[in-house]
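# Structure at a glance
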Amino acid sequence: MTTPTAPAPSSPTSPAQRVGQLVRETVTELQRDYLADRPAAVAALARLRRGAGKTFGEVPEDLWGLIDTGPLHTTPPGARPLHETELTWAEDAVHTALTLWALHQQSRGSGMHICDTRTAPRGLGAAARRLMSHGDIDEPVRKRLVRAGSAPSLPALASRLRDIVLLLRRDDIALDYALLAEQLYQWQQPGGRDAVRRAWARSFHAYRRRADEQPADQAGNSVNADTTTTTDKDAS
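Before going into details, it helps to say that this report is about the structure given with it.

Secondary structure assignment for the chain yields eight helices and zero strands. Helices and strands in the chain line up, N terminus first, as α-α-α-α-α-α-α-α. Burial status across the chain gives 46% buried among its 236 residues. A sequence separation of at least 24 residues applies to 73% of the contacts in the chain between residues at least 6 apart.

This is the structure:
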């Protein structure tokens, strides 16, 4: 009897989906190699971290070419080529997501990119909620999320997300960076900011900590200091 073969996943067609796929594939490979302590990946993350909180146009020239945006210039079946403005939005979304992930992953012994699912939400709003003690709304954390959502420009948004990512790194809370990249692309579109803010708010309010899930410090206490320890491979 022949075992049925699962259908191959369809190629993403929308610009945001293409951005998300590129980030997912790039992070998956880099994260695997980084956790295996492969020198090339360790060096790549050290370079990427230099661009965290900045847009593509603000980074040093030695970061150019480190992120392969070639797939954005290739049109998958059923899609259309991206026009110049869309390419700029896509490049900035990819760059911002990957550099923030590199900062998040620094010195962590497990992957800080984990895909969002219905049963295990990993969106930005849910991640911010995970920073809080069980059942409580931590106003400083909530205000950081609101402040990110009200950023007047992508550079301001990237900088404010950097502050949130440092808190997530401190508490070993993972994030879906492919989803974040899609939202960063959408955020730059006309009318996109409201939709992204709504998605973050919905994710924040819908998240409920499981009964068996401990806060990040493993003791149910709020951690106020940055306890990140730099390992040798992250010294650069």
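On we go.
This part is about the pattern of salt bridges. Two side chains with opposite charge may pair up if their charged atoms get near one another. Overall, the coordinates contain seven salt bridges when judged by the stated rule. Through salt bridges with shared partners, a single ionic network connects Arg32, Asp33 and Arg38.

Counting residues in hydrophobic clusters, the biggest one holds 55 residues, and the most contacted among them are Leu157 and Leu161. Mapped onto this core, the elements with two or more residues apiece are α1 (15–35), α2 (39–49), α3 (84–105), α4 (124–130), α5 (139–149), α6 (154–170), α7 (177–188) and α8 (192–206). If you tally residues by element for this core, the top one is α3, at eleven residues. Setting aside its immediate chain neighbours within four residues, Leu157 contacts Ala148, Ala151, Leu184, Trp187 and Trp200.

What follows concerns the packing of α5 against α8. The N-to-C vectors of α5 and α8 enclose an angle of 165°; their axes lie 10 Å apart at closest approach. Compared by their axis directions, α5 and α8 come out roughly antiparallel. Crossing geometry of α5 relative to α8 is assigned as right-handed. Facing Arg142, Leu145, Ala148 and Gly149 of α5, the residues of α8 in contact are Arg197, Trp200 and Phe204. Of the residues assigned to the contact of α5 with α8, the class counts are four nonpolar, one polar and two charged.

Thresholds, definitions, all that
Residues numbered from 1 in each chain as written. Predicted model: local features only at pLDDT ≥ 70, side-chain atom pairs only at ≥ 80, totals over all residues. Heavy atoms only, no water. Helix = DSSP H or I, 4+ residues; strand = E, 2+ residues; numbered from the N terminus. Buried < 20%, exposed > 50% of the residue type's maximum accessible area, 1.4 Å probe, protein only. Contact = heavy atoms within 4.5 Å. Salt bridge = Lys/Arg side-chain N within 4 Å of Asp/Glu carboxyl O. Core = buried A, V, L, I, M, F, W, Y, C linked by side-chain atoms within 4.5 Å. Axes fitted to C-alpha atoms, helices over the stretch in contact; angles between N-to-C directions. Parallel < 35°, antiparallel > 145°, perpendicular 65-115°, else oblique. Left-handed = near helix turned anticlockwise from the far one by under 90°. Nonpolar A, V, L, I, M, F, W, Y, C, P; charged D, E, K, R; others polar.

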